[in-house]
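Examining the three-dimensional arrangement
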Amino acid sequence: MNPIQMVDLTGQYTRLQAEMDEAILSTARSGQYINGEPVQRFSEELACFTGSGYVIPCGNGTDALQIALMALDLNPGDEVIVPAFTYAAAAEAVALLRLIPVAVDVDPHSFNIDVEKIRAAISSKTRAIIPVHLFGQTADMEPIMQIAFEYGLYVLEDNAQNIGSIYNFNKNIDLINNSIPEKQAGTIGHIGTLSFFPTKNLGCYGDGGAILTGDEALAKKLKMIAIHGQSGKYVHEVIGCNSRLDNLQAAILRVKLRHLNDFTRRRQEAASFYREGLSPLAEFIELPQEMSYSTHVYNQFTIQVKDSRRDELQAYLKKQGIPTIVYYPYSLHQQPAFREITRIGGDLSVSERLCRTVLSLPMHTELEREQQEYIIRQLKHFYE
């Protein structure tokens with residue numbers, strides 16, 4: 001059995017080596033590395049894949065969030081609702097623009113923002129909601145959009161971990177585009193953001209990101225902000241930043257995008273194998289749930305360990321050569337950088353509990369059955 005890795009990027013490269021090498025070498029030979037044809041072609045292909053009207057590539061997923069917020073013309077002191085249990089990037093982008101992050105609790109099964117808690121957290125200063133689609137599971141977007149339209153709020157989807165997940169509208173109505181029974185996550189709100197960090201389901205060989213929107217005027221503004229606020233060469237219409245996806249990363253992403261449906265299938269099959277093998281341990285661990293309203297693309301396979309034994313289990317698995325990661329050990333309001341600037345939007349007990357109980361098992365496109373069998377066997381041995 002090969003050594004088990006949390007993410008096997010080398011194995012994926014080896015499997016796609018011929019295509020990857022050609023994409024990389026052709027870019028190197030071209031002598032054009034910024035704003036070239038690979039970026040334009042990737043934007044078009046990503047728009048086709050996601051169904052988004054407009055795609056604006058940028059330097060990384062955090063830049064995507066910041067650029068998106070800048071395009072909404074929010075004012076310092078305005079509030080933006082974010083989940084308390086997630087990576088810090090969304091709240092970081094909010095804080096950098098002198099906006100106020102409002103931490104809201106999450107659903108204990110989907111790990112995503114609790115829709116019921118959003119309404120109670122809205123104040124006269126609330127301007128936007130950022131649902132973060134965590135671990136490959138889409139947040140429940142239909143009621144989120146209903147709340148947003150009721151209160152006149154923007155919705156900015158952080159889709160860094162969730163590309164390709166399909167959301168089904170219960171009433172077959174998308175409040176922006178109307179009468180669409182299903183859409184990809186990231187294309188439901190006013191703006192969606194993507195990260196192409198190497199470990200993401202669609203990852204490049206460095207940093208990269210993109211912004212999605214169906215609004216033409218908003219797309220034009222987003223594009224300007226990403227290139228120093230320029231509407232044309234040396235014509236600066238707005239204050240912007242410098243955030244570009246380079247030709248090399250775009251060429252790599254074009255190859256991977258062609259394989260993304262297969263990547264998703266491999267992850268879903270690995271998740272099903274975990275689920276079947278670990279189901280006898282329901283007394284001790286809670287498996288990630290697949291919500292009825294969307295597909296799950298398994299950027300992570302995250303279990304919840306009961307009876308305060310998470311750290312003990314993690315240490316045991318490490319001794320057996322099985323890597324695991326805790327995503328995330330602290331909720332937003334517990335982070336030193338955010339304690340003083342975050343408004344607490346209600347009880348956050350679920351987020352606090354998840355920080356003590358979650359454990360992510362190895363999950364990637366190259367995961368072998370023999371490796372998974374060994375992981376499952378060792379988990380069972382621990383509880384025996």
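Data block above holds the structure.
Residues numbered from 1 in each chain as written. Predicted model: local features only at pLDDT ≥ 70, side-chain atom pairs only at ≥ 80, totals over all residues. Heavy atoms only, no water.

1. What to know about the overall build of the protein chain
Heads up, the condition is: Secondary structure elements are defined from DSSP: runs of H or I of at least 4 residues count as helices, runs of E of at least 2 residues count as strands, and each element is numbered from the N terminus. Only C-alpha atoms enter the radius of gyration, while the globule expectation follows 2.2 Å times N to the 0.38, with N the number of residues. Accessibility here uses a 1.4 Å probe with only protein chains present; expressed as a share of the type maximum, an area under 20% marks a residue as buried, one over 50% as exposed, and anything in between as partly exposed. The accessible surface values rely on the Shrake-Rupley method and a 1.4 Å probe; as for residues, cover is taken only from the protein chains in view. Charge assignment: positive for Lys and Arg, negative for Asp and Glu; neither His nor the chain ends contribute. Here the site of a charge means NZ on Lys, CZ on Arg, CG on Asp, or CD on Glu.
The helix and strand tally for the protein chain stands at 12 helices and 15 strands. Expected size for 384 residues packed as a compact globule is a radius of gyration near 21 Å; at 21 Å, the protein chain falls within 12% of this value. Out of the 384 residues belonging to the protein chain, those deemed buried represent 54%. Carbon and sulfur atoms make up 49% of the accessible area of the protein chain, which totals about 16600 Å². Both charge centroids of the protein chain, one from 35 positive and one from 45 negative side chains, sit 3 Å from each other.

2. Here we look at the nonpolar core
One broad rule of soluble globular proteins: the nonpolar side chains tend to lie buried together. In plain terms, the rule: Here, the term nonpolar core denotes a set of buried Ala, Val, Leu, Ile, Met, Phe, Trp, Tyr and Cys residues that are joined through side-chain atoms within 4.5 Å. Residue contacts are counted whenever heavy atoms from the two residues lie within 4.5 Å of one another.
Membership of the largest hydrophobic core comes to 71 residues, with the highest contact counts inside it found for F85, L278 and F301. At seven residues, the largest contribution of residues to this core is made by helix α4 (residues 61–71). Contacts of F301, omitting those with residues within four sequence positions, involve A271, Y274, R275, L278, L287, P288, L359, S360, L361 and M363. Counting residues in hydrophobic clusters, the runner-up holds 24 residues, among them L16, A23, L46 and L212.

3. Quick word on the pattern of salt bridges
Rule in force here: For this document, the term salt bridge refers to a Lys or Arg side-chain nitrogen within 4 Å of an Asp or Glu carboxyl oxygen.
Across all of its chains, the model carries 16 salt bridges by this definition. A salt bridge links D262 to R265; its shortest N-O distance comes to 2.4 Å. Taken together, the residues D262 and R265, both in helix α9 (residues 247–278) and three residues apart, mark about one turn of the helix. Judged by its relative accessible area of 37%, R265 is partly exposed. What emerges from the salt-bridge pattern is a single network uniting R15, D262, R265, R266, E269 and E366.

4. Quick notes on the sheet that holds strand β15 (residues 358–361)
The strands that make up a sheet are held in pairs by hydrogen bonds between backbone atoms, and each pair lies either parallel or antiparallel. Stated formally: Strands were regarded as paired on the criterion that DSSP finds at least two bridges between them. Lines are fitted to the C-alpha atoms to define the axes, a helix being fitted only along its stretch in contact, and any angle between axes, read from their N-to-C directions, falls within 0 to 180 degrees.
Reading across the sheet, the three strands line up as β12-β13-β15 and stay open at both edges, with antiparallel pairing between neighbours. Strand pairing shows two members of the sheet lacking a second neighbour, β12 (285–286) and β15, which therefore form its edges. As defined by bridge partners, β12 adjoins strand β13 (residues 301–305) across two bridges and the pair is classed as antiparallel. If you follow I285 over to β13, its bridge partner there is V305. Contacts from α9 reach β12, β13 and β15, with the element oriented near 25° to β13. Its contacts with the sheet put helix α10 (residues 310–319) on β13 and β15, and the angle it makes with β15 is roughly 25°.

5. Some thoughts on the sheet that holds strand β9 (residues 209–213)
Pairing is mixed in the open sheet, where eight strands are placed in the order β1-β9-β8-β5-β4-β2-β3-β14. Only two strands of the sheet have a single neighbouring strand rather than two, namely β1 (54–58) and β14 (343–344). Contacting β4 (126–129) and β5 (154–158), helix α7 (residues 141–151) crosses the sheet at an angle of about 150° to β5.

6. Quick look at the side chain of H133
Quick reminder of the rule: Nitrogen and oxygen atoms within 3.5 Å of one another constitute a polar contact, given that in protein one can donate a hydrogen and the other can accept it, and given that sequence-neighbouring residues count only through two side-chain atoms.
Tracing the chain through its elements places H133 in the loop between β4 and α7. At 3.0 Å, the side chain of H133 and the backbone nitrogen of A139 are in polar contact. What H133 contacts, discounting residues up to four positions off in sequence, is N112, T138, A139, M141, E157, D158, N159, Q161, N162, A185 and G186.

7. Quick word on the pairing of strand β8 (residues 191–195)
Counting buried positions over the five residues of β8 gives five, a clear majority of the element. Alternating positions in β8 separate into two faces, I191, T193 and S195 on one and G192 and L194 on the other, with burial throughout. Judged from the three bridges that link them, β5 and β8 form a sheet pairing that is parallel. When the bridges of β8 are listed, E157 appears paired with G192. As paired strands, β8 and β9 are joined by four bridges and run antiparallel to one another. In the sheet register, T193 faces β9, and the bridge partner there is I211.

8. Remarks on the packing of α4 against helix α5 (residues 89–96)
Threshold: Angles are sorted into four bins: roughly parallel if under 35 degrees, roughly antiparallel if over 145, roughly perpendicular if 65 to 115, and oblique for all others. Rotating anticlockwise by less than a right angle from the far helix to the near helix defines a left-handed crossing, while the corresponding clockwise rotation defines a right-handed one. In this count, Pro and Cys sit with the nonpolar residues alongside Ala, Val, Leu, Ile, Met, Phe, Trp and Tyr, while Asp, Glu, Lys and Arg are called charged and the others, Gly among them, polar.
Following both chains from N to C, one finds α4 and α5 inclined at 40°, their axes separated by 9 Å at the closest point. Classified by the interaxial angle, the pair formed by α4 and α5 is oblique. α4 and α5 meet at a crossing whose hand is right-handed. Contacts between α4 and α5 pair T62, L65, Q66 and L69 from the former with A89, A90, E92, A93, V94 and L96 from the latter. Looking at the contact of α4 with α5 residue by residue, the class counts come to seven nonpolar, two polar and one charged.

9. Regarding the packing of aromatic side chains
Put simply, the test is: Note on aromatic pairs: the rings of Phe, Tyr and Trp (six-membered ring only in Trp) are paired at centre separations within 6.5 Å, and the planes decide the class, stacked below 30 degrees, edge-to-face beyond 60, tilted for the rest.
Under the criterion given, the structure shown has 16 aromatic pairs. Ring geometry for Y327 against Y328: centres 5.6 Å apart, planes inclined by 70°, an arrangement best described as edge-to-face. An aromatic cluster of three or more residues is present, and its members are F85, Y87, F111, F135, Y327 and Y328.

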